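Here's the letter readout for the chains.
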Amino acid sequence: MKKKGLSKQQLLEKQILDNKKFNRITQVTFGFLLLCVVSILLFRNYGHDTRFLYRRFTYYGKEISLKLVCMNSQNLQFYETSKVVYEGKTYYFCSQECFNHLVNHFQEVAFTTDAYTGDTINKADAVIGLKERWKPQLVYFKNKQNFNKYYESKNK
């Protein structure tokens, strides 16, 4: 006659294998959840930096939205800027200090040179692009044609 049940030794070995399998599944699940939580927290804390890096890379050769530019400086901004109408033109600034600087130094701040032709232009009327990929420096253009010619000459 055959024995129908498992011996104590076989039962213990089966329990040990089941416990190892359960522990492995628990560890993998916990590790995955921990990785997800850390990723979410990192993106929450450094999301603006991530978007800023993305903009610096992908906006090269494309027109930059005026909302991402502080017209007091020549750099792409982390956050959207504030819209201000001054002397009939719309300017964008990151802070009140930058706006005050425009008011006090209007000729130096409000005007710049076209990066392609060298003509003097008002920043409020300009088409804006990035000077180099991965860099936040901006260049201003009188019109879309100069903008396109500038990037065509840079890509050759």
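Below is a summary of the structure that appears in this document. (Residues numbered from 1 in each chain as written. Predicted model: local features only at pLDDT ≥ 70, side-chain atom pairs only at ≥ 80, totals over all residues. Heavy atoms only, no water.)

### Side note on the overall build of the protein
As a reminder of what qualifies: Helix and strand definitions here come from DSSP, where helices need a minimum of 4 consecutive H or I residues and strands a minimum of 2 consecutive E residues; each element is numbered from the N-terminal end. Note on method: radius of gyration uses C-alpha positions; expected globular size equals 2.2 Å times residues raised to 0.38. With a 1.4 Å probe rolled over the protein chains alone, any residue whose accessible area is under 20% of its type maximum counts as buried; one over 50% counts as exposed, and the rest are partly exposed. It only takes one pair of heavy atoms within 4.5 Å for two residues to be counted as in contact. Areas reported as accessible are Shrake-Rupley estimates using a 1.4 Å probe. Residue values count occlusion only from the protein chains shown.
A count of helices and strands for the protein gives four helices and six strands. Counted from the first residue to the last, the protein has its helices and strands arranged as α-β-β-α-α-β-β-β-β-α. Computed over the C-alpha atoms, the radius of gyration of the protein is 30 Å, more than 25% above the 15 Å expected from 2.2 N^0.38 for a compact globule of 156 residues. Taken along the three principal axes of its C-alpha coordinates, the protein extends 105 × 40 × 20 Å. Counting the 156 residues in the protein, one finds 29% classified as buried. Sequence-distant contacts in the protein: of pairs separated by 6 or more residues, those separated by 24 or more amount to 45%. Approximately 11300 Å² of the protein is accessible, and the part contributed by carbon and sulfur atoms is 56%.

### Points about unusual backbone geometry
In the Ramachandran plot, Glu-87 falls in the positive-phi region, its phi being about 50° despite a non-glycine side chain. Relative to the helices and strands, Glu-87 resides in the loop between β1 (82-86) and β2 (89-93). Given the relative accessible area of 57%, Glu-87 is considered exposed.

### Focus on helix α2 (residues 96-104)
How we decide: Within this analysis, the arc is defined by the directions that extend from the helix axis to the C-beta atoms.
Listing the buried residues of α2 in full gives Cys-98, Phe-99 and Leu-102. What you see down the axis of α2 is that its buried residues fit within an arc of 100°, all on one side. Every exposed residue of α2 that faces more than 90 degrees away from the buried side is listed here: Glu-97 and Asn-104. Contacts made by the buried residues of α2 are with β1, β2 and α3 (106-110).

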